[in-house]
Amino acid sequence: KCFKLKAFIPMCAFERSEKGMVFFMNKKNYFLVTVKSSYCDYLRQFDEKVSYNSNKKDKRPFVGILLEIKNIKYFAPLSSPKPKYLKMKNKIDFYKIKEGKLGAINFNNMIPIPKTEYSYIDINVPCLSKKEKQYNALLAEQLRWLNRDGNSLREKAQMLYNSKMNNKLPYNIKKRCCNFKLLEEKCIEYSRRKK
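Residues numbered from 1 in each chain as written. Predicted model: local features only at pLDDT ≥ 70, side-chain atom pairs only at ≥ 80, totals over all residues. Heavy atoms only, no water.

Draft legend 1. Representation of the overall build of the chain within the structure. Each helix and strand in the chain was counted, giving 6 helices and 10 strands. Considering the chain as a whole, with its 195 residues, one finds that 48% of them fall into the buried category. Contacts in the chain between residues at least 24 apart in sequence constitute 67% of all its contacts with a sequence separation of at least 6. Counting only carbon and sulfur atoms, one obtains 51% of the accessible surface of the chain, whose full area is about 11,600 Å². (Helix = DSSP H or I, 4+ residues; strand = E, 2+ residues; numbered from the N terminus. Buried < 20%, exposed > 50% of the residue type's maximum accessible area, 1.4 Å probe, protein only. Contact = heavy atoms within 4.5 Å. Areas by Shrake-Rupley, 256 points an atom, 1.4 Å probe, with all protein chains shown as cover.)

What follows is the structure, given as structure tokens:
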């Protein structure tokens, strides 16, 4: 794809000071990130609900946003628009972006992630094909809508997390959610092994 992966934070996530540039994560805005395939494959050994990194049909990367829950970074995957989303309702684990017209966030598939396993996406790079331009435009529009609903999304993710950890989810939602506690343990193990 024509968007450029960044190994660093976009300029909008930096604050200028007299001493130069000081890093800070802007908690009001989301950034699009992609996850390394090897990390998803590692987690899937322990939880089959971890999504695959790419769709075999079009090889699109696994794109999502970063959230912070209990001082742990979580990756929440985005879905492209699908006709069925227009009829579906928002739930504790699922959020339609612009009523489903721009896809959705699957909170049930969010995973804890170390900083070494994701890359920021720059959607402002020139695109070659019409399809690439359309995909970049979709990502940009998704990001605009997500930032507009920022606080409510964080609350939704936190509520799902707490309900799952306290075993208070209805069975039908519980069975489609990742095992956050187990994946947090495996995330810590993965980070230790990488050092």
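Moving on from the coordinates now.
Draft legend 2. Region of interest: the pattern of salt bridges. Taken as a whole and assessed by the stated rule, the structure comprises 8 salt bridges. Salt-bridge contacts for Asp93 lead to Arg176; the nearest nitrogen and oxygen are separated by 2.6 Å. You can see Asp93 sitting in the loop between helix H2 (83-87) and strand E7 (94-96) and its partner Arg176 sitting in the loop between helix H5 (171-174) and helix H6 (180-194), a full 83 residues away along the chain. With a relative accessible area of 1%, Asp93 lands in the buried category. (Salt bridge = Lys/Arg side-chain N within 4 Å of Asp/Glu carboxyl O.)

Draft legend 3. Highlighting the side chain of Lys156. With respect to the secondary-structure elements, Lys156 resides in helix H4 (residues 150-165). The buried charged residue Lys156 lacks any salt bridge partner; its closest oppositely charged side chain belongs to Asp93, at an N-O distance of 7.4 Å. Aside from chain neighbours lying at most four places away, what touches Lys156 is Asn90, Lys91, Ile92, Phe94, Tyr95 and Phe107. (Lys, Arg positive; Asp, Glu negative; His and termini not counted.)

Draft legend 4. Structural context of the nonpolar core. In this structure, Leu32, Tyr39, Leu67, Ile105, Phe107 and Met110 are the most contacted members of the largest nonpolar core, which totals 51 residues. If you list the elements that add at least two residues to this core, you get strand E4 (32-35), helix H1 (37-44), strand E5 (63-69), strand E6 (72-79), strand E10 (118-122), helix H3 (130-148), H4 and H6. Sorting elements by how many residues they give to this core places H3 first, with 6 residues. (Core = buried A, V, L, I, M, F, W, Y, C linked by side-chain atoms within 4.5 Å.)

Draft legend 5. Highlighting the pairing of E10. The buried fraction of E10 amounts to 5 of the 5 residues, a majority that puts the element mostly inside the structure. Where E4 lies against E10, 3 bridges are found, and the strand directions are antiparallel. Counted as the bridge partner of Val33 is Tyr120 from E10. (Pairing = 2+ DSSP bridges.)

Draft legend 6. The arrangement of the packing of aromatic side chains in detail. For the coordinates displayed, the defined rule picks out 10 aromatic pairs. Relative to Tyr190, the ring of Tyr39 has its centre 5.0 Å away and its plane inclined at 70 degrees; by these criteria the two rings are edge-to-face. Taken as a pair, Tyr39 in helix H1 and Tyr190 in helix H6 lie far apart in primary sequence, 151 residues in all. Of the two residues, Tyr39 and Tyr190, both sit in the buried class. Between Tyr74 and Phe180, the aromatic rings sit 5.8 Å apart at their centres with planes inclined by 90 degrees, giving edge-to-face as the arrangement. Placement of the pair is Tyr74 in strand E6 and Phe180 in helix H6, with a sequence separation of 106 residues. Across the pair, Phe180 and Tyr74 agree in class, each one buried. Every member of this aromatic cluster is reached through a ring pair, and the members are Tyr39, Tyr42, Phe46 and Tyr190. The ring of Phe46 carries Lys186 above its face, with NZ or CZ at 4.5 Å from the centroid. (Phe/Tyr/Trp six-rings, centres within 6.5 Å; stacked < 30°, edge-to-face > 60°. Lys NZ or Arg CZ within 6 Å of the ring centre and 35° of its normal.)

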